[in-house]
Amino acid sequence: MSEEEKTEKNEGEEEKEKMKKEIVSKIMEELGLKGVSKRRLLEKLVEKFNYDEGKVRWAAKRAFITYRYAKMHEKEKE
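Residues numbered from 1 in each chain as written. Predicted model: local features only at pLDDT ≥ 70, side-chain atom pairs only at ≥ 80, totals over all residues. Heavy atoms only, no water.

## Details of the environment of Ser 25
Here is step 1: With respect to the helices, strands and loops of the structure, Ser 25 is situated in helix α1 (residues 3–31).
Here is step 2: Spatially, the C-alpha atoms of Ser 25 and Glu 43 are 9.8 Å apart, while their sequence positions differ by 18 residues. (Helix = DSSP H or I, 4+ residues; strand = E, 2+ residues; numbered from the N terminus.)

Written out as structure tokens, the structure reads:
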């Protein structure tokens, strides 16, 4: 593999990483989320849904609604 190919590959990876961070930041801000664990989950969703922001947002909303619902019922049982 030549140096040019390596450089192009690194630039492509850097671009994907930058795009992932932008999508994650935007969704976290829109949904009012904070925390590293939520950021990691969103990063995994971005990769899973091939950087499709709409699909990631939909999956994130479902995941966090389910989480909040479970927490609410957990408190009621106490």
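Having put the structure on the table, let's press on.
## Let's talk about the side chain of Lys 20
Here is step 1: Here Lys 20 lies in helix α1.
Here is step 2: Beyond its immediate stretch of four places on either side in the chain, Lys 20 contacts Glu 43, Val 46, Glu 47 and Tyr 51. (Contact = heavy atoms within 4.5 Å.)

## A look at a negative patch on the surface
Here is step 1: A grouping of Glu 11, Glu 13, Glu 14, Glu 15 and Glu 22 is seen on the molecular surface, where their side chains present a negatively charged patch.
Here is step 2: Within the secondary structure layout, Glu 15 lies in helix α1. (Patch = residues over 30% accessible without salt bridge, like charges linked within 9 Å, V, L, I, M, F, W, Y side chains within 5 Å. Areas by Shrake-Rupley, 256 points an atom, 1.4 Å probe, with all protein chains shown as cover. Salt bridge = Lys/Arg side-chain N within 4 Å of Asp/Glu carboxyl O. Lys, Arg positive; Asp, Glu negative; His and termini not counted. Charge placed at Lys NZ, Arg CZ, Asp CG, Glu CD.)

## Some details on the pattern of salt bridges
Here is step 1: Enumeration over the complete set of coordinates arrives at five salt bridges.
Here is step 2: The salt bridge involving Glu 17 is made with Lys 20; its shortest N-O contact spans 3.6 Å. Here the residue Glu 17 and the residue Lys 20 both occupy positions in helix α1, the gap between them amounting to three residues, near one helical turn.
Here is step 3: In this structure, Arg 57 engages Glu 30 in a salt bridge whose closest nitrogen and oxygen atoms are separated by 2.7 Å. Placement of the pair is Arg 57 in helix α3 (residues 53–77) and Glu 30 in helix α1, with a sequence separation of 27 residues.
Here is step 4: On the accessibility criterion, Glu 30 (43% relative accessible area) is partly exposed.
Here is step 5: Through salt bridges with shared partners, a single ionic network connects Lys 26, Glu 30, Glu 53 and Arg 57. (Buried < 20%, exposed > 50% of the residue type's maximum accessible area, 1.4 Å probe, protein only.)

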